[in-house]
Amino acid sequence: MAYVPGRVVTSAPPIVLIGAGGHGKVLISTLRMLGREVLFATDDAPTQHGRDLDGTQVRGTDDLISQYTPDQVELVNGVGSVHLPDARQKVFELFKHRGYRFATIIHPDALIAPSAQIAQGAQVMAGTIVQAGALVGANTILNTRCSVDHDCVIGAHTHIAPGVTLSGNVSIGQRCHLGTGATVIHGITIGHSTLVGAGAVVVKDAPTGATIAGVPAKAM
């Protein structure tokens, strides 16, 4: 299914949300704006079961999803990440292996260039800008008001936190986390599984597995 920014989707399957934390709450609000039906939320923490998540009931663990065949529902990955997104990736790959599809979520207030490509299960949150030629990998979060300029490539399972700015031709590997307000200048490459601290200004390439922070950003 092709997702058009801001389009209300009325014919798509109902949603089951995995993860009842803060990111899941924001996703429910976005899904409501897009006209998507959310059946319920799941969470592996028993303390979450039975609670109301912004108008959606948290019914139990992820095992409840097996009550539906992959053609009956779409999933939304509500597992957030404040460090490397291991848990988020695990959920995505587990249910993809079982044949389920993850919905691609684009907030009505996001601006996506026609030539940008957004892969399955990616989530583009409110106020985000994705410019021409950008490629956004599967299960990636482009969080509130981040900016992805022309021809950037963002690997799967990466979290671009609120307020991050990526200049043109930036390459971000898989499983990275770029903290709130970080800035990456034009043409920089950041390797897989790299953690960039909040507010960092990245002016040099970062290798795989690095942790960098500061202005300018340096290895920690």
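Refer to the structure presented above.
Treat the numbers as computed from the prediction; the structure is a model and nothing was measured.

1. Some thoughts on the pairing of strand 4 (residues 56–60)
By the bridge criterion, two bridges tie strand 2 (residues 38–42) to strand 4 in an arrangement that is parallel. Residue pairing across strands places Ala41 opposite Val58, the latter belonging to strand 4. When strand 3 (residues 52–53) meets strand 4, the two strands line up antiparallel, connected through two bridges. Bridge assignment links Leu53 to a residue of strand 4, and that residue is Thr56.

2. Remarks on the sheet that holds strand 6 (residues 105–106)
Read across the sheet, eight strands follow the order 6-9-12-15-18-21-23-24 without closing on themselves; strand pairing throughout is mixed. The open sheet is flanked by strand 6 and strand 24 (218–219), the only strands paired with a single partner. The pairing of strand 21 (residues 195–196) with strand 23 (residues 211–213) spans two bridges and is classified as parallel. Counted as the bridge partner of Leu195 is Thr211 from strand 23.

3. A word on the pattern of salt bridges
Side-chain pairs of opposite charge can arise where the charged atoms are in close proximity. Counting across every chain of the model gives four salt bridges. Measuring nitrogen to oxygen at the nearest pair gives 3.4 Å for the salt bridge that ties Asp54 to Arg32. Here the residue Asp54 occupies a position in the loop between strand 3 and strand 4, and Arg32 occupies one in helix 1 (residues 22–33), the gap between them amounting to 22 residues. You can call Arg32 partly exposed: its relative accessible area is 46%. Of the charged contacts in the structure, one is a salt bridge between Glu74 and Arg36, with a shortest N-O distance of 2.7 Å.

4. Quick notes on the sheet that holds strand 5 (residues 74–77)
Taken together, five strands build an open sheet; the order of strands is 3-4-2-1-5 and the sheet is mixed. Lying at the two open borders of the sheet, with one neighbouring strand each, are strand 3 and strand 5. Note: strand 1 (residues 15–18) against strand 2, four bridges, orientation parallel. Bridge assignment links Ile15 to a residue of strand 2, and that residue is Val38.

5. Re unusual backbone geometry
With an omega dihedral of -10 degrees, the bond running from Val215 to Pro216 counts as a cis peptide bond. Located in the positive-phi region is Asp54, a residue other than glycine, with phi close to 50 degrees. On the basis of relative accessible area, Asp54 is assigned to the partly exposed category, the value being 31%. The phi angle at Asp151 is positive, at roughly 65 degrees, despite the residue not being glycine. With respect to the element layout, Asp151 can be found in the loop between strand 13 (147–148) and strand 14 (153–154). The class of Asp151 is partly exposed, set by a relative accessible area of 37%.

Procedures and definitions
Residues numbered from 1 in each chain as written. Predicted model: local features only at pLDDT ≥ 70, side-chain atom pairs only at ≥ 80, totals over all residues. Heavy atoms only, no water. Pairing = 2+ DSSP bridges. Helix = DSSP H or I, 4+ residues; strand = E, 2+ residues; numbered from the N terminus. Salt bridge = Lys/Arg side-chain N within 4 Å of Asp/Glu carboxyl O. Buried < 20%, exposed > 50% of the residue type's maximum accessible area, 1.4 Å probe, protein only.

Any functional reading would require information beyond the geometric quantities listed.
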